[in-house]
Amino acid sequence: MVTEPDLLRLSRLIAGQANGRNVRECDELETELSRADVVAPTEIPPDVVTMNSRARFVDEDTGEEMELTLVYPRDADLSRGRVSVLAPVGAALLGLSVGQSIEWPLPRGGTRRLRVSAVVYQPEAAGDYHL
């Protein structure tokens, strides 16, 4: 599930990267977006990860908890828990709701299975439609 404004912004991002260095990542994001149900910002449930949402996750193998914010590439900073939507895990997080899981590919091989345990902040639920 994705909001109409997020779809528009992400489509622009993909178009702007067409000849850039993130072609594979853009292709993966475009695939995710093509499968999404598109809704108005006022219709997205508050437990769904949208752009600029902050969500808490649990590693299903280790029980470790983490919190990530899904952001546009220019705002990414993993040291601050801000993951780009163009990162493999970022594209996978978009549209997940509380209770759903994803496989997170690790840079050195292997995967981690992460389950969304809470959406701590969602712009649409907070009425922050300008983000």
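See the structure printed just above.
Read on for a plain summary of the structure. Just so we're clear, the structure is a prediction, and the values are computed from it rather than from any experiment.

Along the backbone of the chain there are four helices and seven strands. Overall, the chain shows an N-to-C arrangement of helices and strands of β-α-α-β-β-β-β-α-β-β-α. For the chain, whose C-alpha radius of gyration is 14 Å, the value lies close to the compact-globule estimate of 14 Å for 131 residues. Counting over 131 residues, the chain shows a buried share of 40%. Working note: accessible area of the chain is about 7,100 Å², and carbon and sulfur atoms make up 47% of it.

Here five bridges tie strand 3 (residues 54-59) to strand 4 (residues 65-71), and the two strands are oriented antiparallel to one another. The partner of Arg 54 across the bridge, within strand 4, is Thr 69. Here strand 3 hands over to strand 4 after five residues, with Gly 63 in that stretch at a positive phi of 80 degrees.

Here we take up the packing of helix 1 (residues 4-16) against helix 2 (residues 23-35). Contact geometry of helix 1 with helix 2 gives a least axis separation of 10 Å together with a crossing angle of 150 degrees. When the axes of helix 1 and helix 2 are compared, the pair comes out roughly antiparallel. Read as a crossing pair, helix 1 and helix 2 show a hand that is left-handed. Residue-level contacts link Leu 7, Leu 10 and Ile 14 of helix 1 to Cys 26, Leu 29, Glu 30 and Leu 33 of helix 2. For the contact of helix 1 with helix 2, the residue count by class is six nonpolar, no polar and one charged.

To continue, consider the sheet that holds strand 4. The strand order 5-4-3-7-6 describes an open sheet built from five strands, whose pairing is mixed. Looking at strand neighbours, the two that pair on one side only are strand 5 (82-84) and strand 6 (101-105), the edges of this open sheet. Adjacent strand axes in the sheet meet at a mean angle of 45 degrees, parallel and antiparallel pairs treated alike. Bridging between strand 3 and strand 7 (residues 111-121) involves six bridges; their strand directions are antiparallel.

Moving on: helix 1. For helix 1, which comprises 13 residues, the first-to-last C-alpha distance of 18 Å matches the rise-based estimate of 18 Å (1.5 Å per residue) to within 8%. When we look at burial in helix 1, the residues that qualify are Asp 6, Leu 10, Leu 13 and Ile 14. Seen from one end, helix 1 has its buried residues packed into an arc of 95 degrees, which puts them on one side. Projecting away from the buried face of helix 1 at angles above 90 degrees are the exposed residues Arg 12, Ala 15 and Gly 16. Along its buried surface, helix 1 packs onto strand 1 (2-3), helix 2 and helix 4 (123-126). One side-chain oxygen at the N-terminal end of helix 1 lies 3.2 Å from the backbone nitrogen of Asp 6; it belongs to Thr 3.

With that settled, consider the layout of surface pockets. What the largest pocket holds in volume is close to 170 Å³. Taken together, ten residues form the lining of the largest pocket, with Leu 78, Ala 87, Pro 88, Val 89 and Trp 104 sitting closest to its centre. Of all the elements in the fold, those that place two or more residues in the lining of the largest pocket are strand 5, helix 3 (88-93) and strand 6. Across the lining of the largest pocket, the residue classes tally to nine nonpolar, one polar and no charged.

Scoring rules and cut-offs
Residues numbered from 1 in each chain as written. Predicted model: local features only at pLDDT ≥ 70, side-chain atom pairs only at ≥ 80, totals over all residues. Heavy atoms only, no water. Helix = DSSP H or I, 4+ residues; strand = E, 2+ residues; numbered from the N terminus. Rg over C-alpha atoms; globule rule 2.2 N^0.38 Å. Buried < 20%, exposed > 50% of the residue type's maximum accessible area, 1.4 Å probe, protein only. Areas by Shrake-Rupley, 256 points an atom, 1.4 Å probe, with all protein chains shown as cover. Pairing = 2+ DSSP bridges. Axes fitted to C-alpha atoms, helices over the stretch in contact; angles between N-to-C directions. Parallel < 35°, antiparallel > 145°, perpendicular 65-115°, else oblique. Left-handed = near helix turned anticlockwise from the far one by under 90°. Contact = heavy atoms within 4.5 Å. Nonpolar A, V, L, I, M, F, W, Y, C, P; charged D, E, K, R; others polar. Expected span 1.5 Å × (residues − 1). Arc of directions from axis to C-beta. Polar contact = N/O pair within 3.5 Å; in protein donor to acceptor, adjacent residues only side chain to side chain. 1 Å grid on protein atoms, 1.4 Å probe; cavity = no way out; pocket = protein on both sides within 12 Å on 5 of 7 lines; lining within 4 Å. Points joined across faces, edges and corners; volume = space filled by probe spheres on them.

That is the geometry; function is a separate question.
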